Every structure is written in structure tokens, then in C-alpha cells.
Number of protein chains: 2
Amino acid sequence: MDEIERMADVFKLLGDKTRLTILALLNVKELCVCEIVDILMTSQPNISQHMRKLKDGGLVKESKKGQWVYYSLNINDKPYILDLFKQIPSQKERIEQLSCSDEECCN
Amino acid sequence: MDEIERMADVFKLLGDKTRLTILALLNVKELCVCEIVDILMTSQPNISQHMRKLKDGGLVKESKKGQWVYYSLNINDKPYILDLFKQIPSQKERIEQLSCSDEECCN
DNA sequence: TTATTATATAATCAATTAATTATATATGTA
DNA sequence: TACATATATAATTAATTGATTATATAATAA
């Protein structure tokens, strides 16, 4: 697989609104699956499957802490993605709203 | 549609190897449909339909010259795409090879 | 005018994909 | 131990998509 094809595969991952929003959220801070589920108001399997694609594509890495799996960005080896995330709309507010609600799934 | 969704739609366009290669070619110089067909060795309708998606997505613009339709990049309003194209593998060689062959469709 | 070349569009089909539903696994707690 | 919570995986389905084939349009050349 050549470099263009590799880049296309990365863009394919970015080309879904849910996944791009997840990445924008992780661009603020690492999050566990249940937090992402709460913020995006979708089902847990839906998020888990998107996380697997992002992990397989090398865009995120996971770290297990107790029963929670935290995901964080893993794009240091992809400078064109780094530049890109500087221009993505910040999701800071959505994450802060989550922290204020009583329905936090973890803490 | 919010900004994230708009960006995702752009990445969806970049997320196809054929289209990303077309854009990388246009990053060298404007080309007509038949040149792109020759370089990518695929069918004319295939390229025409990709060009339409790229045009609908605002990534390229066209200009008709006689019976030929030339396409060129139209990404000045998308800084994150501009940065990106600085890091895409150059397709200069493939375009030069085309010019050397006798089978040019236009000139 | 007729033929040729360049391009676009429409219809079809196979393959891919995102989301849902159901189930399994793993960790923590009573 | 039994139960609850967090996550992953598998199966299914509907929708989308890329490529092909066939056809239409437009410009040029004979």
C-alpha cells in the first residue's frame, strides 16, 4: 500500500461525523467510552466499534484503568493530522457540561 | 449542518484513493478529464463522477476550453486542506510521464 | 452534414459501512 | 458467591458508495 492510499485510509476515518467528533473530544483530553457515549448520546456498542476502527487505524491508543478504558489521541507520527486538529472546533464546552451533570459514568 | 459535519464531509471526499490521487495531481497543475483518465488508467465516467463529487464539495473548480474541461484545485478557503497538501506525495513524475507519451488526449 | 472526440449523466450492481440488537467478557462491589 | 457496571464482539439490516455499462450532450473536424 502506497503513501497516498495510507493517507486516504486515515481520511476515511475522519470522514464520519461521529468519529471526527470523538477525535475532537479527545483533542481536549482523554476520555473513557462511557463519557463519550454520554456526550454524543448514542449507544455504547456504536462508540466501541468506532473506537476499534480508530485504534486499528492508529489514531488513538487505549489504557485500561480498572473497569474503564480510556482513549487518547495517537497522532504524533502524523504531522498533517496534528496541523488539522489545530483548526477543528473545540469541544471543551461539551466536555465541561458533562462534568457538571450528575450522571457521570466515572470519576 | 455544523462545522464538524462540514469538515467530515470534506474528509469523506479525501477518503477515497482515486479522489485523493486526483487532488494530488491537481496540486501539481490543472488537468483535463482525459489526462486524468490516462494517468489513473480508469474509465472516463468513473473520473467524471469523481470530479462531480469534488466540484459539489467545493474542492475543485472547472473551466471549459474548447471541448476540454479543465479542473483545478479550489481550496483557498480551506486552510487545513492547504497545509495538508504540502505533505501529500508529489505526483509531478506521473504528470511528466504523461507528457512524454504519444498518447496525449489534448495539448 | 456526418463523423469524431471529450465529457456528463443515468441505471445497475456489488461491496462497504454505520447503527442496532443481542450476547459475551471483565472488573468491581455487596 | 451473586450482582452490577463497563466494555467488546457478533449478527443483522438499511443505506451509501465506487465502478461499470449504456446513453446523451456538446464541441470540433472532415
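The structure this text deals with has already been given above.
Residues numbered from 1 in each chain as written. Chains lettered and ligands numbered in written order. Predicted model: local features only at pLDDT ≥ 70, side-chain atom pairs only at ≥ 80, totals over all residues. Heavy atoms only, no water.

**Regarding the overall build of chain A**
Just so we agree on the cut-off: Labels follow the DSSP assignment, with helices taken as runs of H or I lasting at least four residues and strands as runs of E lasting at least two, numbered in each case from the N terminus. Two things to know: the radius of gyration comes from C-alpha atoms, and the globule rule equals 2.2 Å times the number of residues to the power 0.38. Categorising residues by exposure relies on relative accessible area from a 1.4 Å probe, with only protein chains included: less than 20% of the type maximum marks a residue as buried, more than 50% marks it as exposed, and the intermediate range marks it as partly exposed.
Secondary structure assignment for chain A yields six helices and three strands. Overall, chain A shows an N-to-C arrangement of helices and strands of α-α-β-α-α-β-β-α-α. For 107 residues, the compact-globule formula gives about 13 Å, and the C-alpha radius of gyration of chain A, at 14 Å, lands near that figure. Residues classed as buried in chain A amount to 44% of the 107 residues present.

**Considering the packing of helix α3 (residues 33-40) of chain A against helix α4 (residues 44-56) of chain A**
All names here are of chain A. In plain terms, the rule: In this description, a line fitted to the C-alpha atoms serves as the axis of each element, helices being fitted only across the stretch in contact, and the angle between N-to-C directions of two axes falls anywhere from 0 to 180 degrees. Should the near helix be turned anticlockwise from the far one by less than a right angle, the crossing is left-handed, and should it be turned clockwise, the crossing is right-handed. We call two residues contacting when some pair of their heavy atoms lies within 4.5 Å. Any residue outside Ala, Val, Leu, Ile, Met, Phe, Trp, Tyr, Cys, Pro, Asp, Glu, Lys and Arg is labelled polar, Gly included; the first ten of those are nonpolar and the last four are charged.
Two numbers describe how α3 lies on α4: the axes approach to 9 Å, and their chain directions differ by 120°. α4 is crossed by α3, and the crossing has right-handed handedness. Residues V33, I36, V37 and L40 of α3 form the contact with α4, whose participating residues are Q44, I47, S48 and M51. The class makeup of the residues in the contact of α3 with α4 is six nonpolar, two polar and no charged.

**Let's talk about the protein's contact with DNA strand C**
Here is the rule we go by: A cutoff of 4 Å decides nearness: a residue is near a molecule or strand if any of its heavy atoms lies inside that distance of it. Any N or O atom pair separated by 3.5 Å or less is treated as a polar contact, with the protein-specific requirement of one donor-capable and one acceptor-capable atom, and with residues adjacent in sequence counted only for side-chain atom pairs.
Around DNA strand C, the structure places 28 residues, and the nearest of them are H50(A), K53(A), Q44(B), Y71(B) and C105(B). Of all DNA strand C atoms lying within 4 Å of any protein atom, the proportion belonging to sugar or phosphate reaches 63%. Within the backbone of V33(B), one N or O atom sits 3.5 Å away from a phosphate oxygen of DNA strand C. Between Q49(B) and DNA strand C, the recorded distance is 3.0 Å, taken from a side-chain N or O atom to a base nitrogen. Elements that contribute at least two residues to the surface near DNA strand C include exactly α2 (17-26) and α4 of chain A together with α3 (33-40), α4 (44-56) and β3 (68-73) of chain B. For the surface near DNA strand C, the class distribution of residues is nine nonpolar, 12 polar and seven charged.

**Re the nonpolar core**
The test is simple: Remark: nonpolar core denotes a set of buried residues (Ala, Val, Leu, Ile, Met, Phe, Trp, Tyr, Cys) joined through side-chain atoms within 4.5 Å.
The biggest cluster of nonpolar side chains holds 68 residues, and the ones touching the most others in it are F11(A) and F11(B). Discounting residues that sit within four places of it in the chain, F11(B) has contacts with F11(A), L14(A), G15(A), L20(A), L84(A), Y80(B) and L84(B).

**A short note on the interface of chain B and chain A**
Operational definition: Once two parts are brought into contact, the accessible area they lose, counted with a 1.4 Å probe and summed over both, makes up the buried area. Whenever Lys or Arg places a side-chain nitrogen within 4 Å of a carboxyl oxygen from Asp or Glu, that contact is recorded as a salt bridge.
Chain B puts 23 residues into the contact, and the matching count from chain A is 23 residues. Together, the buried faces of chain B and chain A total about 2,000 Å²; carbon and sulfur atoms form 74% of this surface. The interface formed by chain B and chain A contains four salt bridges. For K17(B), the salt bridge is made with D2(A), and the minimal N-O distance between the two is 3.7 Å. Run the count over chain B and chain A and you get two residue pairs in polar contact (both at pLDDT 80 or more). Among the secondary structure elements, those contributing two or more residues to the side of chain B that touches chain A are α1 (3-14), α2 (17-26) and α5 (79-85) of chain B. Per-element accounting of the side of chain B that touches chain A gives the leading share, eight residues, to α1(B).

**Description of the pairing of strand β2 (residues 60-65) of chain A**
All names here are of chain A. To keep things clear, this is the line we draw: Being paired, for any two strands, means DSSP has found at least two bridges between them.
Here β2 pairs with strand β3 (residues 68-73) via six bridges, running antiparallel. Bridging from a neighbouring strand, S63 pairs with Y70 of β3. Connecting β2 to the antiparallel partner β3 that follows it, the hairpin turn spans two residues, and G66 within it adopts a positive phi of roughly 65°.

**Observations regarding the pairing of β3(A)**
Where strand β1 (residues 31-32) of chain A lies against β3(A), two bridges are found, and the strand directions are antiparallel. Following the sheet pairing, L31(A) is matched in β3(A) by Y71(A).

**Notes on the relation of the copies chain B and chain A**
The condition that has to hold: Here the copies were fitted onto each other by least squares, based on C-alpha atoms from residues at pLDDT of at least 70 in both.
Least-squares fitting of chain B to chain A yields an RMSD of 0.0 Å, with the superposition described by an axial translation of 0.0 Å and a rotation of 180°. The transformation relating the two chain copies, once decomposed into turn and shift, fits a two-fold axis. Comparing contact sets, 100% of the residues at the interface of chain B also lie at the interface in chain A, consistent with an isologous, same-surface contact.

**So, helix α1 (residues 3-14) of chain A**
Heads up, the rule is: Residue count minus one, scaled by 1.5 Å, sets the expected span of a helix.
With 12 residues, α1(A) ought to run about 16 Å at 1.5 Å a step, and its terminal C-alpha atoms sit 17 Å apart, in line with that. Those residues of α1(A) not exposed but buried are I4(A), M7(A), A8(A), V10(A), F11(A), L13(A) and L14(A). Against α2, α4 and α5 (79-85) of chain A together with α1, α2 and α5 of chain B lie the buried residues of α1(A).

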